[in-house]
Amino acid sequence: MGKIAQIIVDVPLMQTDKPFSYQVPDDLANLIDLGSRVHIPFGKSNRLLQGFVVGLEEGSVEDLKAITAVLDFEPILNKEQLELADQMRHSVFSYKISLLKAMVPSLLNSNYDKILHATVGLSSADKELIFGSKDSVVYSNLDQSLEGQISKLVKSGLITVTYSAEDKKTLKTITYYHPQLEVLQNLEISKRAKRRQALRDFLLSHPKRRPLSELRQEFSWDQLHFFIEAGAIQTDEVQVDRSQDYFDQVAKTDFLNLNEEQAHAVETITADIGKANKPYLLEGITGSGKTEVYLHIIDRVLKMGKTAIVLVPEISLTPQMTNRFISRFGEQVAIMHSGLSNGEKYDEWRKIKSGKAKVVVGARSAIFSPLENIGAIIIDEEHEASYKQESNPRYHARDVALLRAQYHKAALVLGSATPSIESRARASREVYHFIRLTQRANPLAKIPEVEIVDFRDYLGQQEVSNFTPILVDKIKDRLSKGEQVVLMLNRRGFSSFIMCRECGYVDECPNCDISLTLHMDTKTMNCHYCGFQKDIPHSCPNCSSSSIRYYGTGTQKAYDELQELLPQARMLRMDVDTTRRRGAHEKILKAFGRGEADILLGTQMIAKGLDFPNVTLVGVLNADTALNLPDFRSAERTFQLLTQVAGRAGRAEKAGEVLIQTYNPNNYAIQLVQKQDYEAFYAYEMGVRKSLGYPPYYYTVGLTLSHKNEEILIQKSFEIMNLIKNQLSDKAKILGPTPKPIARTHNLYHYQIIIKYRFEDSLEEVLNHILDLTQDKANKDLRLIIDYEPQNFV
Ligand code: ADP
Ligand code: ZN
Ligand code: ZN
């Protein structure tokens, strides 16, 4: 008899999704608990793999292999998270291990060494035993018999643990400057040294100790050195928590007095915290003060001694947004986004795990934050497709949030100006509570006027392709008034490509069935799927004619055109190319906020969350690209995006105006954006969905099958389709197999099968069976994705 651990093993291709049993050796027994990460020998070769302990029991250990090592002193996952993975597995068709790994910081999913650090208070005997003459040691180099002792010391806080990785450093050195006023006043500076004089004036008017980096933004090293050497600036160095200096820069703000609608929302939502309850759909027009409502809810939650998660789309996780939370809740906030290095993510995770952070603001994966005692989960812009992960495990953050909210009896708030049709329908069926904010929160701000311009009226008669004369006139008008303009060019869709005018040849990727996109900054043709890159052709690769032309449009081209039209305008461009470098996004927005540019031109990146009072004109250059995608949500997405971007205009006293250029002025999505009537759009769209049999009237599951040989792929796809058909009822509708809209990428062919259904008891079983089939040797080149409620059909 002995102790047995059930372990989910990190094997990328496993025959089964079930835990394996291992013996717990006596010396590790008091270190291993549910949720511990361990190393175990696996398979015939007994190679060491990582695994998670998901069960513990007493039993006969005779034929079992033993656990080799424990990787953490405290279990990394708690009971709630283990249960969550079990529940998620019913609708996420990937292996359990991928669900568990999604819940821990990626730093811990790779095999990094643990490093132990001595802290003050450690007895000299202990220190000698463990550290010898050093202050830190790599754990894996230690005598294993010390394990129990180390665990105790870690628990009592006398030893700290970090993980080695290039960027694991938690401390950052900041140099501060301190102006020496007397020296400054007597400092001799030549009249011609204008910058030095400017620096002296600056220092005299800013006599407080501040980070040197702030001076560096305005003055060169040479200038600073002169002052340092003259003793007019003293410096000192301080080590701080990496995130600390960021927090220090954000000024505290006060809670605003809520208007009646906002106050009602906060009261209703907070009343039921701690009781089992339905989620709340908070439908509030842009600028109605949803964020202020979130802040008040969180304030209440913290006062109850509870914690909160706020999810925002990655793209709107701007400093402007995160600062609103930091300015109210200070160091209780942890920020989680993809721009952080693995080390920084790990720091934030530890802040949460240790209970120091009580409010987590983050993108999709922040829903897994190891918070205890959650009082509220808020999902802002709940309709955003980015809440669904498009790689394994394919979970929707909204579904995970619902499970966590149920577990904690927390309030789940889904906020949006344009809720997803599914969520809005649930509110109608009273599956969700429904709360509306119908007014702009700033009493002086008015809903902007929206005008639609029919692009077809200008076909052929204008010199430039992106700007109608009406739009140019309006931009000129704002420039003369010193007001600002936001222009959006939605590049989704397949717009910028090269085509031969003689033979119609389109330059396509050799690995994918998609045209190459022209990039002027690198002077190359790029494939957005596989990364293939080549030089821009000067003659047609097919017929050698030189009539090869650039079609479609991109932000870069629009930028150049506008600069030619309005050479006096100061412009900023925001798209993936200009925001690749870390912090670039923030820099552009800050510059625009300070009024250093008149026009901000960008992709849909600019549609969300921006709150600039001086913006009075929003122009949408091409409203159509998203409309023409072969996806039943294309009208919904178009309506949501245009409403969002329209909401950037007229956020304060100055009235705002929106101009939308389109080739489809009669499309209902465009028409209803003009009326700014979400409820009318919802009603119309529900009719469309009903007649076509799409969500929310049906549930959907999408299967994507990929293979390098198209014939084999077709054969397998039909086999799988038949298998599904035989298992499901006659009421289920099975579409396909058909080639995906982009039928080949990375030299793989793709087919899809879509299942539409209402109630199918055996669906989960069938899908798991198919998942297992792809593990057969005979199918080893077949790739399968099972996507429950897919958000993207292209
Ligand atoms: P939403 O998230 O719904 O788009 P925000 O929360 O960003 O709206 O609010 C829009 C603007 O109105 C912000 O500038 C915000 O500071 C302001 N605001 C919000 N609530 C109030 C209020 N109760 N009184 C005055 N101004 C408010
Ligand atoms: Zn390609
Ligand atoms: Zn040609």
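Just so you know, these numbers come straight off a predicted model, no measurement behind them.

Undergrad: So what exactly am I meant to see when it comes to the side chain of Asp299 here?
TA: Position of Asp299 relative to the elements: it lies in helix α12 (residues 290–303). Discounting residues that sit within four places of it in the chain, Asp299 has contacts with Phe255 and Phe329.

Undergrad: Is there a simple way to explain the side chain of His396 in this structure?
TA: One can find His396 in the loop between β16 (374–379) and α15 (397–408). According to the relative accessible area criterion, His396 is buried, its value standing at 8%. If we skip the residues at most four places from it in the chain, His396 touches Tyr387, Lys388 and Gln791.

Undergrad: Looking at this structure, how should I read the domain arrangement of the chain?
TA: The extent of an interface is frequently quoted as the accessible surface area lost upon association of the parts. Structurally, the chain comprises domain 1 (2–109), domain 2 (180–229), domain 3 (243–431), domain 4 (449–492 + 567–689), domain 5 (496–551) and domain 6 (699–788). At the junction of the two partners, domain 1 supplies nine residues and domain 6 supplies eight residues. Summing both partners gives a buried area of about 870 Å² for domain 1 against domain 6, and 51% of it is carried by carbon and sulfur. At the junction of domain 1 and domain 6, the tally comes to two residue pairs in polar contact (both at pLDDT 80 or more).

Undergrad: Where do I start with the sheet that holds strand β18 (residues 433–437) in this structure?
TA: Backbone hydrogen bonds hold the strands of a sheet together, and the pairing may be parallel or antiparallel. Ordered by their spatial adjacency, seven strands build an open sheet running β14-β15-β13-β16-β17-β12-β18, and the pairing between neighbours is parallel. The open sheet is flanked by β14 (333–336) and β18, the only strands paired with a single partner. Looking at each pair of strands side by side, their axes are set apart by 15 degrees on average, direction ignored. Pairing analysis gives four bridges linking strand β13 (residues 307–311) to strand β15 (residues 359–362), with the strands arranged parallel. Its bridge partner lying in β15, Ile309 is registered against Val360. Across the sheet, α12 is in contact with β12 (280–284), β13, β15, β16, β17 (411–416) and β18; its angle to β16 comes to roughly 170 degrees. Against the sheet, helix α13 (residues 319–329) touches β13, β14 and β15, its axis set at about 165 degrees to β14.

Undergrad: Just checking my understanding: could you explain the UniProt feature "binding site: Zn(2+) 1" (unreviewed entry) in the chain for this structure?
TA: Under the local residue numbering, the UniProt record ascribes the feature "binding site: Zn(2+) 1" (unreviewed entry) to Cys500, Cys503, Cys540 and Cys543. On the basis of their most widely separated C-alpha atoms, the annotated residues across 44 residues gather in one place, lying no more than 8.6 Å apart. Structurally, Cys503 can be placed in the loop between β21 (497–500) and β22 (517–519). Of the residues examined, Cys503 reaches a relative accessible area of 36% and is grouped as partly exposed. For Cys503, the contacting residues outside a window of four places in its chain are Cys540, Asn542 and Cys543. Setting aside its immediate chain neighbours within four residues, Cys543 contacts Cys500, Glu502 and Cys503.

Undergrad: Honestly, the site of ligand 1 in this entry has me stumped. Any pointers?
TA: Contacts to ligand 1 come from 17 residues, most closely from Asn257, Gln262, Lys290, Thr291 and Asp611. Within the backbone of Asn257, one N or O atom sits 2.7 Å away from a nitrogen atom of ligand 1. Between ligand 1 and Ser288 there is a distance of 3.3 Å, counted from an oxygen atom to a backbone nitrogen or oxygen. Burial of ligand 1 by the protein amounts to 79% of the accessible area it has alone, namely 560 Å². If you tally residues by element for the shell around ligand 1, the top one is α12, at three residues.

Undergrad: Teacher, can you tell me more about the sheet that holds β22 here?
TA: Read across the open sheet, the three strands follow the order β22-β23-β24; overall the sheet is antiparallel. Lying at the two open borders of the sheet, with one neighbouring strand each, are β22 and β24 (533–535). Between one strand axis and the next, the sheet turns by 35 degrees as a mean value, whatever way the strands run.

Undergrad: How should I be thinking about the pattern of salt bridges in this particular structure?
TA: Pairs may arise between side chains of opposite charge once their charged atoms sit close together. Scanning the entire structure with this criterion turns up 31 salt bridges. Residues Lys303 and Asp299 are paired through a salt bridge, measuring 2.9 Å at the closest nitrogen-oxygen approach. Of the two residues, Lys303 and Asp299 both sit in helix α12, four residues apart, roughly one turn of that helix. For Asp299, a relative accessible area of 17% corresponds to the buried category. One salt bridge connects Glu636 with Arg689, and the closest N-O pair in it is separated by 2.7 Å. In this pair, Glu636 is assigned in helix α20 (residues 634–646) and Arg689 in helix α22 (residues 678–692), connecting sequence segments 53 residues apart. Here Glu636 falls in the buried class, since its relative accessible area comes to 3%. Ionic contacts of the salt-bridge type, sharing partners, join the residues Glu451, Lys474, Asp477, Arg478, Lys481 and Glu657 into one network.

Conventions and cut-offs
Residues numbered from 1 in each chain as written. Chains lettered and ligands numbered in written order. Predicted model: local features only at pLDDT ≥ 70, side-chain atom pairs only at ≥ 80, totals over all residues. Heavy atoms only, no water. Helix = DSSP H or I, 4+ residues; strand = E, 2+ residues; numbered from the N terminus. Contact = heavy atoms within 4.5 Å. Buried < 20%, exposed > 50% of the residue type's maximum accessible area, 1.4 Å probe, protein only. Domains from an automatic or database assignment. Buried area = accessible area lost by both parts, 1.4 Å probe. Polar contact = N/O pair within 3.5 Å; in protein donor to acceptor, adjacent residues only side chain to side chain. Pairing = 2+ DSSP bridges. Axes fitted to C-alpha atoms, helices over the stretch in contact; angles between N-to-C directions. UniProt positions renumbered as here; feature names shortened; annotations may be inferred. Near = heavy atom within 4 Å. Areas by Shrake-Rupley, 256 points an atom, 1.4 Å probe, with all protein chains shown as cover. Salt bridge = Lys/Arg side-chain N within 4 Å of Asp/Glu carboxyl O.

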